[in-house]
Amino acid sequence: MNKVVANAKAAIEGIESGMTLMLGGFGLCGIPENCISALVEKEVNNLICISNNAGVDDFGLGLLLQKRQIKKMISSYVGENDEFERQMLSGELEVDLIPQGSLAARCYAAGAGIPAFFTPAGYGTEVGEGKEVRYFNGKPHLLEAALNADFAIVKAWKGDRFGNLVFKGTARNFNPAMAMAGTITIAEVEELVEPGELDPNFIHTPGIFVQRIFQGKDYEKRIEQKTVRSQS
Amino acid sequence: MNKVVANAKAAIEGIESGMTLMLGGFGLCGIPENCISALVEKEVNNLICISNNAGVDDFGLGLLLQKRQIKKMISSYVGENDEFERQMLSGELEVDLIPQGSLAARCYAAGAGIPAFFTPAGYGTEVGEGKEVRYFNGKPHLLEAALNADFAIVKAWKGDRFGNLVFKGTARNFNPAMAMAGTITIAEVEELVEPGELDPNFIHTPGIFVQRIFQGKDYEKRIEQKTVRSQS
Amino acid sequence: MLDKKGIAKRIAQEINDGWYVNLGIGIPTLIANYVPDDMNVVFQSENGILGMGPFPFEGEEDADLINAGKQTITAMPGASIFDSATSFAMIRGQHIQLTVLGAMEVAENGDIANWKIPGRMVKGMGGAMDLVASADNIIVAMMHTNKRGQSKLLKRCSLPLTGVKCVKKIVTNMAVLDITDEGFKLIERAPGVSVEEIQNATEGKLIVEGDIPEMKIPD
Amino acid sequence: MLDKKGIAKRIAQEINDGWYVNLGIGIPTLIANYVPDDMNVVFQSENGILGMGPFPFEGEEDADLINAGKQTITAMPGASIFDSATSFAMIRGQHIQLTVLGAMEVAENGDIANWKIPGRMVKGMGGAMDLVASADNIIVAMMHTNKRGQSKLLKRCSLPLTGVKCVKKIVTNMAVLDITDEGFKLIERAPGVSVEEIQNATEGKLIVEGDIPEMKIPD
């Protein structure tokens, strides 16, 4: 039960061009920086990336977009990335925009063995086109399917050799649901600890969902919108 | 934002005969002892109780069964209770047995605004009778509906005035999912603390799901099967 | 006419003590500043926090603590942090008492459009579709007209929808309006704005019954 | 013939290093005692723990730490605790590599019955229906015959089913058998038990190909 790999390069072994990847994070918060860099280096392409956002031009998934490694993005919001917009409007990049809650629930469902569920989000909009509609308590709902991935790549604060993960603040976001959904789930953590160091009562992601883990390095943790108030 | 009530009697105000209640706990572990006692005293009856188990003859929900206050039980396992078996086989008590995982998922779904979902559990069995069947990846699944309750009653280890809850050990069990599903959710806790005392990173049930909270007293926390090993 | 702060102040008056509130990006974010101190209101940010506090002091910002607008924030005492699936469980499960969001267009039947301009702008819907499809109580905060002076309160939305028949109330720089079965019902006028001006700026059906009072906006 | 411990020992041999395993109540619970110390196996109890350890020492039992059989337990280093919804997410999502449970009846097509005897006993299915419907790798641990000497390995189950076509392997006091498209395939005999005895105790179709080795059970 030692899931530890040496580094990001070892962690992404087996990721090949054309695969579907899930990547945790919200904006630039809680993204697997080390693995993204390793994917850029590995030069895999034609990737289908499921991630709430697409990074910014020069950080996060934006790095993969720059190198044209992504064939299709499945996201809920992509408004911070000029290169993304350019590739999308020119048709170079396929984009599937889905409601944020449906995205989270579809990842969770995949991990939880729920192949499909009904949700009200998106009824009567483009999102609902071609989807089964059913009324519950007089309210229309769409049937949404679980969203699987060949690899899920998440970023946690702390983790142990068994793959148990703890997140910090809102860097948690999509990471736990995506960790459940990957056929293989890779976790990069800021601090790798021994089993027993994390309180079993307060594990966010039980190790059963994680197949590979490593301690990342040189986290930049870039802030997208630094907003402060004056000390007065 | 003060959800604190004085005691169990105040907490169960508004619970009336014929209502549907959800009660957390697995066996006798993590059950809302104070509220169960208050329900016995209040003499409400014809209750529909959703709880994984039905207690034992003289503790837990068994106390409500003794007084014939329960019309119907919705549970997954009821094997520890003679009075229960007697009432069920004689037809005095209606019983709806559902798979434990479906029970948990149906509570979660109710709390999460998912009116229905597909699960493989129970296909081809009595549980599947009359339910919609659909195949996903060649495997049959049943459509299961969310399970709502007028009141959910849960037991936590610690909680604050905002209703944030923390559970201890496997006393967590059904409590978090049921807390989400109650139209009104009552939490009894062993220790009531001030907002800010619980680490926001490690709240099991965010206060938004809880409407009333109080510090219980005289917890018996009875052990059903005391199993030990010798010190040798 | 109200400015953005004025809109935020007016919407703050719609919030009750003890409510859980989700505020969208833009004008809605400002509302948190105008809730009276003696009221306990918990703000949710759908990226995973209840009990969002004010911006941090300079130097105290934490990259791991942001809101859905990607702004650095703080957590109030009694806050809780959770993952995206749980966050939208709260939203979908109608545990939030009020949702306030911006819009490009609102139709007289309550339809809303705010995520896409075909061929020109596609930022995505983020959590907006979940919010509007789930919430019972949705207020739109927006300017009454767009930059070209055209009404944003329409008979029918021309842009791709975010949700159907979901908006309950609109607060603009000119007016407060309820969405009714018959159309936009004028409830209040912004200070110094006439019913006629509101009528002229409203393409959808405007219902004016009796005297329309002026909003009372505290300084 | 094996006793219950023997059955547990034999099933322990089916477990691989690094597996997550769910053990049902009864004989399956014993299996944890026979996993070699040098193997890392994590036991799940579906009431909400991964990394279940041995029973506590006398006086150290904790009412808040039990397994699905309601027995007091301990937690191993690296354990994690979670709620029932998450627990069955693991099960349904096929994150568990092996499920072992008891049965009243198993049919030659892999059907299993273990939760109800109409009119006589209804304890409920607990988590068994979720486990058998979800798991890819299901082993049944049971006696080959019931208390009246009747076979529990049947052509078709007579009792209400727990799951259909789901059992992959059976380990009884007499034999190890795989469920195949053609029926129960005999893999191993218990020490001192003949193929004929197994045949006589098996109502469903028994497939015997070549020499059937005896189980190797460590002391």
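For the structure itself, consult the block above.
Below, the structure is looked at part by part. (Residues numbered from 1 in each chain as written. Chains lettered and ligands numbered in written order. Predicted model: local features only at pLDDT ≥ 70, side-chain atom pairs only at ≥ 80, totals over all residues. Heavy atoms only, no water.)

Taken as a whole and judged by the stated rule, the model has four aromatic pairs over all chains. Taking 5.4 Å as the distance between ring centres and 20° as the angle between the ring planes, the aromatic pair formed by Y108(A) and Y108(B) counts as stacked. In this pair, Y108(A) is assigned in helix 5 (residues 100–112) and Y108(B) in helix 5 (residues 100–112), connecting two distinct chains. The exposure classification of Y108(A) matches that of Y108(B), with both residues buried. In this structure, K155(A) packs its charged tip against the face of Y219(A), placed 5.0 Å from the ring centre. (Phe/Tyr/Trp six-rings, centres within 6.5 Å; stacked < 30°, edge-to-face > 60°. Helix = DSSP H or I, 4+ residues; strand = E, 2+ residues; numbered from the N terminus. Buried < 20%, exposed > 50% of the residue type's maximum accessible area, 1.4 Å probe, protein only. Lys NZ or Arg CZ within 6 Å of the ring centre and 35° of its normal.)

A word on the sheet that holds strand 7 (residues 112–113) of chain C. Residue and element names in this part refer to chain C. Here three strands make up an open sheet; going across it, the order is 7-6-11 and the pairing mixed. The open sheet terminates on both sides in strands that have one partner only, identified here as strand 7 and strand 11 (153–154). Where strand 6 (residues 105–107) lies against strand 7, two bridges are found, and the strand directions are antiparallel. By the bridge assignment, E105 is partnered in strand 7 with A113. (Pairing = 2+ DSSP bridges.)

This next bit is on helix 2 (residues 33–42) of chain A. Residues and elements named next belong to chain A. For helix 2, the tally of buried residues reaches seven of ten residues, placing the bulk of the element in the interior. Turning to helix 2, its buried residues are E33, N34, C35, I36, A38, L39 and V40. Once helix 2 ends, the next one or two residues include E43, with phi positive near 60°.

Taken residue by residue, the interface counts 50 residues in chain C and 51 residues in chain A. The interface formed by chain C and chain A includes six salt bridges. For K168(A), the salt bridge is made with D64(C), and the minimal N-O distance between the two is 3.0 Å. Taken together, the links from chain C to chain A amount to 25 residue pairs in polar contact (both at pLDDT 80 or more). Among the elements of the structure, helix 3 (84–92), strand 9 (121–122) and helix 4 (128–134) of chain C are those that each provide at least two residues to the side of chain C that touches chain A. (Contact = heavy atoms within 4.5 Å. Salt bridge = Lys/Arg side-chain N within 4 Å of Asp/Glu carboxyl O. Polar contact = N/O pair within 3.5 Å; in protein donor to acceptor, adjacent residues only side chain to side chain.)

Turning our attention to the interface of chain D and chain A. Chain D puts 20 residues into the contact, and the matching count from chain A is 20 residues. Of the roughly 1,600 Å² buried between chain D and chain A on both sides combined, carbon and sulfur atoms contribute 63%. Taken together, chain D and chain A are joined by zero salt bridges. Across the chain D-chain A interface, the total number found is six residue pairs in polar contact (both at pLDDT 80 or more). Those elements that place two or more of their residues in the side of chain D that touches chain A are strand 4 (75–81) and helix 3 (84–92) of chain D. (Buried area = accessible area lost by both parts, 1.4 Å probe.)

On to the sheet that holds strand 5 (residues 98–101) of chain D, then. Residues and elements named next belong to chain D. Ordered in space as 4-3-2-1-5-10-12-13-14-15, the ten strands form an open sheet in which the pairing is mixed. The open sheet terminates on both sides in strands that have one partner only, identified here as strand 4 and strand 15 (206–207). The sheet strands contacting helix 3 are strand 1 (20–23), strand 2 (42–45) and strand 3 (49–52), and the helix crosses strand 2 at an angle near 120°. (Axes fitted to C-alpha atoms, helices over the stretch in contact; angles between N-to-C directions.)

Between helix 5 of chain B and helix 3 of chain C, the shortest axis-to-axis distance is 6 Å and the interhelical angle comes to 65°. Contacts from Y108(B), G111(B) and A112(B) of helix 5 of chain B reach helix 3 of chain C at A85(C), F88(C), A89(C) and R92(C). Of the residues that constitute the contact of helix 5 of chain B with helix 3 of chain C, the class distribution is five nonpolar, one polar and one charged. (Nonpolar A, V, L, I, M, F, W, Y, C, P; charged D, E, K, R; others polar.)

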